[in-house]
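Given next are the chains, with one letter for each unit.
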Amino acid sequence: MNKLFTLFFLFITSIVLMAKEVPALKAPVMDQPDIISWGVEKKLNYILKKFKKDTDIQLQVFIVSSLDGEPIENYSIKVTDEWKLGSETGDKGALLLIALNDRKMRIEVGHGLEGDITDADAGRIIQSMVPYFRGQQFESGIVVALKQIALLTGHDLSETAIVKTKKVKTKSNSVFLTIFIIMYILILIFGRGRRRGSYWYIGGASSRSSSSSGFSSGGGWSGGGGSFGGGGASGSW
C-alpha cells in the first residue's frame, strides 16, 4: 500500500511540475514567439483596447511557442481562470490561443458570449485560419479570426481602424507634407545623438530599442472577473 501511495504521489508531482505556467496579463496581444510584426501588434493592441471600451467585450490573443505537452483545452482554461477575461457581470470574453510549435489553436468562449459564439461557430473560425497558418501568414489568419469573432457578437472590429484612416485622409496634403518634412529634419538632427538600436515612428515622440521585446500601448489591461466553462473549439494546421 505504501509503495502504491508513493508511486501515486510521484505521478501527481510530475504532472504538477510539467504543468505550463500562465504569464501575467499585460496586453490584448501576448506574442511570446514574436510571430507578429511590431506594427501589426501595435495596431491590434490599440483596436482591441478600444473594442473593449466601446462594447465591454474583451478579446485576447495569446501565442506560445509550445504547450510543453499539456493539452490545449486544459491550458486555455487555466489561462482564462487566471486572466478572468471580460467583466464579472457580463462574462463577455474570448481567448484565441495559438501554440506555434505544436501547430494547434483554440478559441475559448466566456459564458456571456456562448449564445453568440457557439462551439460550431468557433470551429468554423478555426478552420478559416488553417490556410493562412499553413502558408505562414499568421498575422492574416489572426486578423481574420478576430473579425469573425467580433461580427458574431454584433460588432465590426475594423470600424476603429477605418475611422482613424478617414480622419488622416481628410487632412490637407500640403499641410501633411510640411509636417512630414519638419519631422524628417528633426529626426535627422536629433536622431544622431540617440543611442544605436533605436528608432522613431511618426505620430509621436517615441522610440523603441532593438533589444526591446513586446509593446506597451499605454493604459492598463486586465481581466474584469469573467468566467469560462469550456465552450469553444480547437484545431490544428
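Further up the page is the structure itself.
I will try to describe carefully the structure that is included in this document. (Residues numbered from 1 in each chain as written. Predicted model: local features only at pLDDT ≥ 70, side-chain atom pairs only at ≥ 80, totals over all residues. Heavy atoms only, no water.)

On to the overall build of the protein chain, then. Regarding its fold elements, the protein chain presents 7 helices and 7 strands. Moving toward the C terminus, one meets the helices and strands of the protein chain in the order α-β-α-β-α-β-β-α-α-α-α-β-β-β. Evaluated residue by residue, the protein chain yields a buried proportion of 37% over its 237 residues. Across the protein chain, contacts joining residues at least 24 apart in sequence account for 72% of those joining residues at least 6 apart. (Helix = DSSP H or I, 4+ residues; strand = E, 2+ residues; numbered from the N terminus. Buried < 20%, exposed > 50% of the residue type's maximum accessible area, 1.4 Å probe, protein only. Contact = heavy atoms within 4.5 Å.)

Attention now moves to the sheet that holds strand 4 (residues 104-110). Spatial strand order, 1-2-3-4-7: 5 strands in an open sheet with mixed pairing. Of all the strands in the sheet, the pair left with one neighbour each is strand 1 (29-31) and strand 7 (228-236). Taking the axes of each pair of neighbouring strands and ignoring which way they run, one obtains an average angle of 15° across the sheet. When strand 4 meets strand 7, the two strands line up antiparallel, connected through 7 bridges. Opposite Arg106, over in strand 7, you have Ser234 as the bridge partner. (Pairing = 2+ DSSP bridges. Axes fitted to C-alpha atoms, helices over the stretch in contact; angles between N-to-C directions.)

Below, the discussion takes up the packing of helix 2 (residues 38-55) against helix 5 (residues 138-152). Where helix 2 contacts helix 5, the axes come no closer than 12 Å and their chain directions differ by 10°. Judged by the angle between their axes, helix 2 and helix 5 are roughly parallel. Mapping the contact onto sequence places Val40, Leu44, Leu48 and Phe51 in helix 2 and Glu139, Val143, Leu146 and Ala150 in helix 5. (Parallel < 35°, antiparallel > 145°, perpendicular 65-115°, else oblique.)

Another aspect to go through is helix 3 (residues 72-83). The terminal C-alpha atoms of helix 3 lie 16 Å apart, and with 12 residues this matches the ideal 16 Å at 1.5 Å per residue to within 8%. For helix 3, the full list of buried residues reads Ile72, Tyr75, Ser76, Val79, Thr80 and Trp83. Buried residues of helix 3, viewed axially, fall in a sector of 135°; they line one side. For helix 3, the elements touching its buried residues are strand 1, strand 2 (58-64), strand 3 (93-99), strand 4 and strand 7. Directly beyond the C-terminal end of helix 3, a positive phi value near 50° is found at Lys84. (Expected span 1.5 Å × (residues − 1). Arc of directions from axis to C-beta.)

On to the pattern of salt bridges. Taken as a whole and assessed by the stated rule, the structure comprises 5 salt bridges. For Asp54, the salt bridge is made with Lys50, and the minimal N-O distance between the two is 2.7 Å. One end of the pair, Asp54, and the other, Lys50, are both in helix 2, 4 residues apart, so they sit about a helical turn from each other. (Salt bridge = Lys/Arg side-chain N within 4 Å of Asp/Glu carboxyl O.)

Mapping Ser87 onto the fold places it in the loop between helix 3 and strand 3. The exposure class assigned to Ser87 is buried, which follows from its relative accessible area of 15%. Only 3.0 Å separates the side chain of Ser87 from the backbone nitrogen of Gly90, close enough to count as a polar contact. Not counting the four nearest positions on each side in its chain, Ser87 is found in contact with Asp56, Lys92, Gly224, Gly225 and Gly226. (Polar contact = N/O pair within 3.5 Å; in protein donor to acceptor, adjacent residues only side chain to side chain.)

As a further point, take unusual backbone geometry. Excluding glycine, most residues fall at negative phi; most peptide bonds, likewise, are trans. In the Ramachandran plot, Asp91 falls in the positive-phi region, its phi being about 55° despite a non-glycine side chain. Secondary-structure assignment places Asp91 in the loop between helix 3 and strand 3. The phi torsion at Gln136 lies on the positive side, around 65°, for a residue other than glycine. Its place among the elements puts Gln136 in the loop between helix 4 (119-134) and helix 5.

Let us look at empty space enclosed by the protein. As enumerated under the stated definition, the model contains 1 cavity of 30 Å³ or more in all. Approximately 40 Å³ is the volume found for the largest cavity. Leu59, Gln60, Ala94, Leu95, Leu96, Leu146 and Ile149 together form the lining of the largest cavity. Put simply, the parts of the chain that give the lining of the largest cavity at least two residues each are strand 2, strand 3 and helix 5. (1 Å grid on protein atoms, 1.4 Å probe; cavity = no way out; pocket = protein on both sides within 12 Å on 5 of 7 lines; lining within 4 Å. Points joined across faces, edges and corners; volume = space filled by probe spheres on them.)

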